[in-house]
Amino acid sequence: MLRFLGRGSAFCAENNCAFYYDNDRLVLLDCPMSGFHRLRLLVGEAPADKNISGITVLVTHTHSDHIGGIGMLVHYCCYVWHIPVKIIAPCREIAEDLRFMLLRLDGCRETAFSVVTADEAGSGFIPVPTEHSPELAGRCFGWCFEADGRRTVFTGDTNTLEPFMQYLTEGAELYTEASASDSPVHLYIERLRKIIPQLKARGVSVYLMHLDDEKKLASAATELGAELAPVV
Ligand SMILES: [Zn+2]
Ligand SMILES: [Zn+2]
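This report concerns the structure included in the present document. (Residues numbered from 1 in each chain as written. Chains lettered and ligands numbered in written order. Predicted model: local features only at pLDDT ≥ 70, side-chain atom pairs only at ≥ 80, totals over all residues. Heavy atoms only, no water.)

1. Looking at the coordination of the zinc ion (ligand 2)
Listed as protein donors to the zinc ion (ligand 2) are H61 (NE2), H63 (ND1), H132 (NE2) and D157 (OD); their distances from the metal cover 2.2 to 2.3 Å. Viewed at the metal, the 4 donor atoms of the zinc ion (ligand 2) are separated by angles of 94 to 165°, and the geometry they form is irregular. Summarised as a motif, the one-chain spacing of the donors to the zinc ion (ligand 2) is H-x1-H-x68-H-x24-D. The metal-metal distance between the zinc ion (ligand 2) and the zinc ion (ligand 1) is 3.5 Å, with D157 serving as a donor to both. (Donors = N, O, S within 2.8 Å, 3.2 Å for Na, K, Ca; no water. Tetrahedral: all angles 85-135°; square planar, octahedral: opposite > 155°, others 65-115°.)

2. A closer look at the coordination of the zinc ion (ligand 1)
The coordination sphere of the zinc ion (ligand 1) contains the protein donors D65 (OD), H66 (NE2), D157 (OD) and H210 (NE2), at a distance range of 2.1 to 2.2 Å. Given 4 donor atoms and angles of 88 to 166° at the metal, the environment of the zinc ion (ligand 1) is assigned as irregular. Considered as a linear motif, the donors of the zinc ion (ligand 1) on their single chain read D-H-x90-D-x52-H. Note on H66: relative accessible area 1%, which makes it buried. We classify D157 as buried; its relative accessible area is 2%. (Buried < 20%, exposed > 50% of the residue type's maximum accessible area, 1.4 Å probe, protein only.)

So, in C-alpha cells, the structure goes:
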C-alpha cells in the first residue's frame, strides 16, 4: 500500500505526497517541497543502505503543491545521493512543461533526470484524465497502477470520482482527495457519502488524502468506513 510523506491540501505545511517501493526503485506520487524534505530525512545519506538505486516520480498536474519539490529532488539526487530520477508525465504537454521547468528555470543537470510520458515509460502506469482546476483544464490526471501486488488508484486533485470508477475492481485500493469545504475544484466530502460505502461493499479499500481539515475529515472517514491516508 501507499505511504505518505504528507497528506495536506495546497495551503497546508505538509502537502500531499505518497510513495511505495518497486524492488530497488522508490516511486513517488508527486513531489511538493515538503515531501522532498520528508523523503530526505526518511532515506538518510545513503540510499543504497535502503536498497534504493533510483527514484521515479509520477506527476498528476503542475500545481506547485504537487511539483514544487521536483527540481530540488533532482539536484539532491545528482549531487548527494548519486542516483537517477525518472519523471513520468501523464501527457506530452506536461512532459514538455516539466523539461522547461527543470532545465531552463531550475538549471538541473541534463544527465541527472529523464522525463517520459506514460506511453514512453510503458510500465503499467495508466494516466486517468480528470477535472480539477479550470486553468489547468485537460492537464489534470490521476493514476492507476499496481503497487505491492494490488491495483492502486490515485486520484490526484479532482472534483469527481467518475473517471476512476472503471478501475475500481474488487480488492483495489483507492486514494482519493477529499475536502471539508465545498469547492468546484475539489471533491467535497458530502459528495462522497453515497459512493464510499458502495465501494467498500465492492471490496475496495478507501483512503482519504489531500486533506484541508483533518479533524472533520477524520470523523467523516470513520462514519463512511474509509481511513485517512497513512503518514510515515
Ligand atoms: Zn493540490
Ligand atoms: Zn491542484
